[in-house]
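Structural overview
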Amino acid sequence: MGKSSVSDLSEHVFDLIQELFSIDPLLLTSVMPQLEFKLKSNDGEERLAVVRLLAKLFGAKDSELATQNRPLWQCFLGRFNDIHVPVRLESVKFASHCLMNHPDLARDLTEFLKVRSHDPEEAIRHDVIVTIINAGKKDLNLVNDQLLGFVRERTLDKRWRVRKEAMMGLAQLFKKYCLHHEAGKEQAQKISWIKDKLLHIYYQNSIDDKLLVEKIFAQYMVPHSLDTEEKMKCLYYLYACLDTNAVKALNEMWKCQNMLRGLVRELLDLHKLPASEANTTAMFGKLMTISKNLPDAGKAQDFMKRFNQVLGEDEKLRVQLDTLISPTCSCKQAELCVREITRKLTFPKQPTNPFLEMVKFLLERIAPVHIDSEAISALVKLLNKSIEGTADDDEEGVTPDTAIRSGLELLKVLSFTHPTAFHSAETYESLLQCLKMEDDKVAEAAIQIFRNTGQKIETELQQIRSTLIPVLHQKAKRGTPHQAKQAVHCIHAIFCNKEVQLAQIFEPLSRSLNADVPEQLITPLVSLGHISLLAPDQFASPMKAIVANFIVKDLLMNDRSVGNKNGKLWTSDEEVSPEVLAKVQAIKLLVRWLLGMKNNQSKSANSTLRLLSAMLVSEGDLTEQKKISKSDMSRLRLAAGGAIMKLAQEPVYHDIITPEQFQLCGLVINDECYQVRQIFAQKLHLALVKLLLPLEYLAVFSLCAKDPVKERRAHARQCLLKNISIRREFINNNPLAHDKMMSLLPEYVVPYMIHLLAHDPDFTKPQDFEQLRDLKECLWFMLEVLMVQNENNSHAFLRKMVENIKQTKDAQCPDDPKANEKLYIVCDVALFVIVNKSTACHLESPKDPVLPSKFYTPPDKDLINDKEYLSSEARTVLLTGKPKPSPVLSTVNKTLTVPGRRVYNKTTGSDSNTSTHSQPSSPVTKTRDVVTESSEGGARENEENPVITKTDEGKKEDTVTSDLTTGASTIPKPRRGRPPKATPSPLANEKEGGAGKGRKRAAPAQDSAPSGEPNSIKIPKAEDVTQILDLQR
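Overview of the structure. Worth saying up front: this structure is predicted, and the values here are computed from it rather than measured.

1. Some words on the overall build of the chain
Along the backbone of the chain there are 44 helices and 2 strands. Across the 1033 residues of the chain, 54% fall into the buried class. Counted over contacts in the chain with a minimum sequence separation of 6, partners at least 24 positions apart contribute 75%.

Next comes the structure, spelled out in structure tokens:
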């Protein structure tokens, strides 16, 4: 090994060392220190050769070199962080043999593998996964939880190859140890998280990830090769053990596959029609949508066009594909169809056929490999065994109650995607047994399955029909609210004489309504509401008398009980008073009644909207008798805001909603109660994303810039991104949408946003710098998302739109100079933001924007409004002034203030669940509630409301000084407030406009905040960056 060596063996010296080591390690006692020296050589290739040698010496099965020569072992481990990529790669490959042959060295290797799992080189991250998985497949005891955690992390790697290896590796471990129990239940429990983790990946945006999850589910989690009974047993108990998000992901997977089957079915239907230009255009649209559900959308489009051409030419291929997507296709039949279609497309044979691979992807997604009539029967038998107590529930790690409930939920989901598979007397007999069980959720799921699948019961299964009808009547009259809703819908869906059936429910319920017993009102109100929605022609008129005499006059306009005065802004569902629950259902009944009628001939909608507006103006206390608790008021504000939003989804009612009512509805997103803001924002997003709500409601999200809770602002931004993306995609995919650009193009939200902000009750002093900063924040919250790209010169279009608004007047109050001035100031702030954020906005606008006539008067062409309403000082403050203090609190004792809100004290101990109002500084000004945000992002109680105010110099200072022992605190001087109510009557207030009323200061979340809200919004998470030597991530 010395430099002076000229022996012929010099180039084989490492092979010689290995052979000598295998004979007797003691022969190399004097050589080992030189190997350590060689490991530190400046020559990368020399280090690589030494690492290869030592990997064999340390990794040999009976080698004790690592324990005997610790300095050399530590020096060797250092090569995991070598600057030379091949050296790091070789080190990682060694780890696999080391883990298998020397489990005692796993602890030493773990830390170095952790660093390499974040290596900038894709190949090294990939090999780390291979190393760990190979060891795990040999024996799960060889890999600790930390090592498995590294694989878990890499399922979200930025490179597809690495993600795929990690996901497939975990799937193989799951099948080996959890499905086949090759190492016992204890080891299976150790990796029980794998099933949830793999399904969670279905939430990722990449179609490759989704397709791989589907493949893993079909081959590793519930192998389709198993016989039907074994396969369904796997699915039955897997579904019972999944966490909530994994269940949602699995449901979404079936939903996507069913949607794709529907698209292929529609494509085949188009092939049956005579050729025409309209037919060709429709086919192209279907092909484009199908392509988006396959990997590599660009190639997928070309291959799907080619596949469509083959379909048009080959009738036998169309027949096979039609059989495959038929609702009656069995799993075995599906396999034969896929094989036959694949065989037809393999000619001529090629080594690689990307076209065939793409078609296989499509067939795998649409083929029913798990669910058919036989599979549903097997699931029902498992459910019966769980009900009878003869199943293996405990052995599978679930309680019988959990198995029954999750089994019914599984059947309910499958009833949406495979309704035909349920049509058998045996299946329906079992479901009837479930209807009679005490578990409300089980009965509700059973009714919904009947609703989804029972269309042929009346004609083919008379015995089931005669048993089912009285059960549904009983559930509609005396079941839970959810059961009542499903029972009414079930009767409407599956029976021919639905009018008679519904009348037999409607009449006794309408006669028995009694506001003095609110506990017994909720189910009847739900049933009556859904009956009037489903059969308006029959029940709209009798409902009018009920609405006028009972719902409004007797129930909503009276407070019979006194609420709990604990000061909480939100309580759990169980703590809400029955009277308030009845009022919430009464509001929903009004909406359902109107949605059923779909006309405003009797002006009932106007009256209802005035009532809902009065509810918001009075902050939920419609009678203003102060009997109702704060948490119950929150429930009623949420119900009223949601009701207006629901009515706006029907065009006939959207047209009569006034700007004032729209503003009141929008201000609910700034409510003082965290849960009201959270639930309202979720409902708003869901309606917008389905294109059910008019574009103006998207403007409401701009108010979320004021939300003190970071998570709510982040959620609102993600909602905006999603909604804008969906609208742009819809416009691109639908040529007819170009005629409705004003209601679809995201940029057209700007006029609505400007009008909404001009009437924001926080905007009281047009030249106040703090309020102008607020306006800028709200405007930029929306404009930032709109201006991500300058598509079709959209920045110039936005500028032109805002300039056009300045040439009009506020249609809400055109003769009010102050209102118009506020409108023009918002325009100037918007122009300021656009001009400062875009250099392309000064170009010529591609077309002249159209402004909504409900909010703006026609532009006055004789008058040019070129006045600048922002002072130069205001512009300077907006441009260079100190940034607006963040509402995120770094500690609990730091405080926050936002203009125009009621101020709350922070209390301590058991009093932290109560809110204490400060006294307004002026009888004219009624301030709103001030809110805080915890440093953890809004996990505090609604009632804990410390306050931050500003000194004259604009610096934050604490104005709540709490004694740590007594909890005493000083009350800060209140900020400017919202306008006072002009009259004591909420109805009178609403008639006068109500702008600026019914809205209270947003508050942080309670610990009891509903945790069930699906977190469909994903925010990127930065990888943990590790820097070792000169390696950088």
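2. So, the packing of aromatic side chains
Tallying each qualifying case throughout the model produces 15 aromatic pairs. Both rings, one in Phe217 and one in Trp254, keep their centres 6.2 Å apart while their planes meet at 85°; by these two values the pair is edge-to-face. In this pair, Phe217 is assigned in helix H13 (residues 207-221) and Trp254 in helix H15 (residues 244-271), connecting sequence segments 37 residues apart. The same class applies to Phe217 as to Trp254, namely buried. Joined through ring pairs, the aromatic side chains of Phe662, Tyr697, Tyr752 and Phe855 make up one cluster. When the ring centre of Tyr202 is taken as origin, the NZ or CZ atom of Lys210, which lies over that ring, is 4.9 Å away. Directly above the ring of Phe355 sits Arg306, whose terminal nitrogen or CZ lies 4.0 Å from the centroid.

3. Some words on a positive patch on the surface
A contiguous patch of positive charge, built from Lys255, Lys485, Lys588, Lys646, Lys683 and Lys690, is present on the exposed surface. Looking at the element boundaries, Lys255 is found in helix H15.

4. As for the nonpolar core
Membership of the largest hydrophobic core comes to 259 residues, with the highest contact counts inside it found for Phe701 and Ile754. Examining the composition of this core, we find that 12 residues originate from one element, helix H31 (residues 578-597), more than from any other. With sequence-adjacent residues up to four places away left out, Ile754 is seen in contact with Leu779, Val802, Ile805, Leu823, Val826, Cys827, Ala830 and Tyr856. Grouped together as the second largest cluster of nonpolar side chains are 33 residues, Leu294, Met304, Leu311 and Cys329 included.

5. What about the packing of helix H26 (residues 462-478) against helix H27 (residues 481-494)?
Where H26 meets H27, the axes come as close as 7 Å, and the angle between the chain directions of the two elements is 140°. Taken together, the axis directions place H26 and H27 in an arrangement best described as oblique. Between H26 and H27 the crossing geometry is left-handed. Between H26 and H27, the residues in contact are Leu468, Leu472, His473, Lys475 and Ala476 and Gln483, Ala484, Ala487, Val488, Cys490, Ile491 and Ile494, respectively. Tallied by class, the residues present in the contact of H26 with H27 amount to 9 nonpolar, 2 polar and 1 charged.

6. Side note on the packing of helix H30 (residues 536-556) against H31
Axis separation between H30 and H31 bottoms out at 10 Å; the angle between their running directions is 150°. The orientation of H30 with respect to H31, classified from their angle, is roughly antiparallel. You can see that H30 and H31 cross each other, and the crossing is left-handed. Taken together, the residues of H31 that come into contact with H30 (itself represented by Pro536, Ala540, Met543, Lys544, Val547, Ile551, Leu555 and Leu556) are Ala582, Lys583, Ala586, Ile587, Leu589, Leu590, Trp593, Gly596 and Met597. For the contact of H30 with H31, the residue count by class is 14 nonpolar, 1 polar and 2 charged.

7. Description of the environment of Asp573
Structurally, Asp573 can be placed in the loop between H30 and H31. A distance of 2.9 Å separates polar atoms of two side chains, one belonging to Asp573 and the other to Arg635.

8. Quick look at the environment of Val151
In this structure, Val151 sits in helix H9 (residues 145-154). With 19 residues separating them in the primary sequence, Val151 and Ile132 have C-alpha atoms 7.7 Å apart. Apart from residues lying up to four places away in sequence, Val151 is in contact with Ile129, Ile132, Ile133, Ala166 and Leu170.

9. Details of the pattern of salt bridges
In the structure shown here, the tally under the stated rule is 39 salt bridges. The residue Asp82 makes a salt bridge to Arg79 at a minimum N-O spacing of 2.5 Å. Here Asp82 and Arg79 have matching classes, each one buried. The salt bridge involving Asp516 is made with Arg560; its shortest N-O contact spans 2.8 Å. Of this pair, Asp516 sits in the loop between helix H28 (498-511) and helix H29 (522-534) while Arg560 sits in the loop between H30 and H31, and the two are 44 residues apart along the sequence.

10. Comments concerning unusual backbone geometry
Backbone geometry places His181, a non-glycine residue, at a positive phi of 50°. Within the secondary structure, His181 is located in the loop between helix H10 (160-179) and helix H11 (184-190). In this model, Lys626 sits at a positive phi of 65°, which is unusual for a non-glycine residue. Following the sequence through the fold, Lys626 ends up in the loop between helix H32 (604-617) and helix H33 (630-647).

11. With respect to helix H19 (residues 331-345)
Given a rise of 1.5 Å per residue, 15 residues ought to cover 21 Å, and the 21 Å separating the end C-alpha atoms of H19 matches this to within 8%. For H19, every residue scored as buried is listed here: Cys331, Ala334, Cys337, Ile341, Thr342 and Leu345. Around the axis of H19, the buried residues are gathered within 130° of arc, so they sit on the same side. The exposed set on the far side of H19, more than 90 degrees from its buried face, consists of Lys332, Leu336, Arg339 and Arg343. In the core, the buried residues of H19 are packed alongside helix H14 (228-241), helix H17 (297-313), helix H18 (315-324) and helix H20 (354-366).

Rules used in this analysis
- Every chain begins its residue count from 1, and numbering advances along the sequence as written.
- Only residues with pLDDT of 70 or above have their local features reported here, since the model is predicted, and side-chain atom pairs are shown and tallied only from 80 upward, although totals for entire chains, interfaces and linings are computed over all residues.
- No hydrogens and no water enter the side-chain calculation; it runs on all heavy atoms of the structure.
- Only runs of H or I of at least four residues qualify as helices and only runs of E of at least two qualify as strands under DSSP, and these elements are numbered from the N terminus.
- Exposure classes here rest on a 1.4 Å probe applied to the protein chains alone. A residue is buried below 20% of its type maximum, exposed above 50%, and partly exposed in between.
- The contact criterion used is simple: two residues touch if any of their non-hydrogen atoms lie within 4.5 Å.
- Aromatic contacts are taken between Phe, Tyr and Trp rings whose centres are within 6.5 Å, Trp giving its six-membered ring; a plane angle under 30 degrees counts as stacked, one over 60 as edge-to-face, and the others as tilted.
- Over a ring means this: the NZ of a Lys or the CZ of an Arg is within 6 Å of the ring centre and within 35 degrees of the ring normal.
- Only residues whose relative accessible area exceeds 30% and that form no salt bridge are eligible for patches; like-charged ones are grouped when within 9 Å, while nonpolar side chains (Val, Leu, Ile, Met, Phe, Trp, Tyr) are grouped when within 5 Å.
- For the area figures, the Shrake-Rupley method with a 1.4 Å probe applies, and any residue is considered shielded solely by the protein chains shown.
- Salt bridge, as used here: a side-chain nitrogen of Lys or Arg that lies within 4 Å of a carboxyl oxygen of Asp or Glu.
- Positive: Lys, Arg. Negative: Asp, Glu. His and the chain ends are not part of the count.
- Taken as the charge location is NZ of Lys, CZ of Arg, CG of Asp or CD of Glu.
- In this text, buried Ala, Val, Leu, Ile, Met, Phe, Trp, Tyr and Cys residues form a nonpolar core when linked through side-chain atoms within 4.5 Å.
- Throughout, an axis means a line fitted to C-alpha atoms (over the contacting stretch in the case of helices), and angles, computed between N-to-C directions, take values from 0 to 180 degrees.
- Orientation is classified from the angle alone, with under 35 degrees giving roughly parallel, over 145 giving roughly antiparallel, 65 to 115 giving roughly perpendicular, and any other angle giving oblique.
- Helix crossings fall into two classes, left-handed where the near helix is turned counterclockwise from the far one by less than a right angle and right-handed where it is turned clockwise.
- Nonpolar residues are Ala, Val, Leu, Ile, Met, Phe, Trp, Tyr, Cys and Pro. Charged residues are Asp, Glu, Lys and Arg, and all others, Gly as well, are polar.
- Two N or O atoms count as a polar contact when they lie within 3.5 Å, although within protein this holds only if one can serve as hydrogen donor and the other as acceptor, and sequence-adjacent residues are included solely when both atoms are side-chain atoms.
- Expected span of a helix, by definition, is 1.5 Å for each gap between consecutive residues, and there is one gap fewer than residues.
- Working definition: the arc comes from the directions between the helix axis and the C-beta atoms, pointing outward to the latter.

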